[in-house]
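# Coordinate analysis (summary)
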Amino acid sequence: MQELHKRIDVIVDSTISTEEKLQKVCQLLSDEIDYYNWVGFYFKNGDKNELKLGPYVGAATDHTIIPYGKGICGQVAESNETFVVPDVYAQDNYLACSIETKAEIVVPIFKDGQNVGQIDIDSHTIDPFTADDTKLLDYICKRVGEIID
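Per-chain numbering applies: the sequence of each chain, read as written, is numbered from 1 onward. With the structure being a predicted model, the display of local features is reserved for residues of pLDDT at least 70 and the display and counting of side-chain atom pairs for 80 or more, all residues being used for whole-chain, interface and lining totals. Heavy atoms throughout the structure, all of them, feed into the side-chain values; hydrogens and water do not.

### Concerning the side chain of Asn 45
Secondary structure follows DSSP: runs of H or I at least 4 residues long count as helices, runs of E at least 2 residues long count as strands, and numbering of each begins at the N terminus. Here Asn 45 lies in the loop between β1 (38-44) and β2 (50-57). By relative accessible area, Asn 45 is classed as buried at 16%. Under the rule applied, a polar contact is a pair of N or O atoms within 3.5 Å (in protein, one hydrogen donor and one hydrogen acceptor; residues adjacent in sequence only if both atoms are side-chain atoms). Here the side chain of Asn 45 touches Glu 50 through a polar contact of 2.6 Å, side chain to side chain. Accessibility here uses a 1.4 Å probe with only protein chains present; expressed as a share of the type maximum, an area under 20% marks a residue as buried, one over 50% as exposed, and anything in between as partly exposed.

Right, dumping it as structure tokens:
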């Protein structure tokens with residue numbers, strides 16, 4: 001995972017646009033971690049209590065806008081805490097993006113102490129996420145919080 005930290009730093013510290021940086025982060029995670037089957041960012045949609053889909057890699061999703069409180073992403077927008085779901089079918093408030101999705105992890109992004117978005121990872125494997133995944137995604141969210149407006 002330390003090697004991924006270095007590669008994330010190279011992307012985040014590059015001179016390309018923020019949008020391109022986020023897209024490259026999604027692609028890197030999708031390419032390097034075989035159980036990351038959908039990788040994307042959601043961000044607060046202006047002054048509304050909803051999230052708007054940002055850059056992502058994976059199957060197209062109908063969930064381009066997610067109200068706060070709905071699904072795992074909407075719950076993280078309210079709780080400000082990482083949410084790991086080992087089995088999405090055991091979760092009551094789950095928004096299905098794909099029939100193949102079996103697990104999900106969502107980690108909030110903070111800027112100036114405010115929850116401004118999150119990274120969302122779906123997996124086609126039941127219960128794949130470890131403490132190392134959480135640490136890596138926390139690091140990515142910290143770095144993303146430094147570069148977004």
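### Considering the pattern of salt bridges
For this analysis, a salt bridge means a side-chain nitrogen from Lys or Arg found within 4 Å of a carboxyl oxygen belonging to Asp or Glu. Scanning the model with the defined rule gives six salt bridges in all. With a closest N to O distance of 3.4 Å, Arg 7 and Glu 32 form a salt bridge. Taken as a pair, Arg 7 in helix α1 (residues 2-12) and Glu 32 in helix α2 (residues 18-32) lie far apart in primary sequence, 25 residues in all. Judged by its relative accessible area of 33%, Arg 7 falls in the partly exposed class. On the accessibility criterion, Glu 32 (42% relative accessible area) is partly exposed. A salt bridge links Asp 13 to Arg 143; its shortest N-O distance comes to 2.7 Å. Of the two residues, Asp 13 is situated in the loop between α1 and α2 and Arg 143 in helix α4 (residues 131-147); the sequence distance between them amounts to 130 residues.

### Here we look at the sheet that holds β1
Any two strands with at least two DSSP-identified bridges between them are counted as paired. Reading across from one edge, β3-β2-β1-β6-β5-β4 is the order of the six strands in this open sheet, with antiparallel pairing throughout. Looking along the sheet, the strands with just one partner apiece sit at the ends: β3 (65-67) and β4 (83-85). Taking the axes of each pair of neighbouring strands and ignoring which way they run, one obtains an average angle of 25 degrees across the sheet. The sheet contact formed by β1 and strand β6 (residues 114-123) spans six bridges and is antiparallel. Bridged to Val 39 within β6 is Ile 121. Here, residues are in contact when the closest pair of their heavy atoms is within 4.5 Å. In this description, a line fitted to the C-alpha atoms serves as the axis of each element, helices being fitted only across the stretch in contact, and the angle between N-to-C directions of two axes falls anywhere from 0 to 180 degrees. Relative to the sheet, α2 contacts β1, β2 and β6, its axis offset from that of β2 by approximately 65 degrees.

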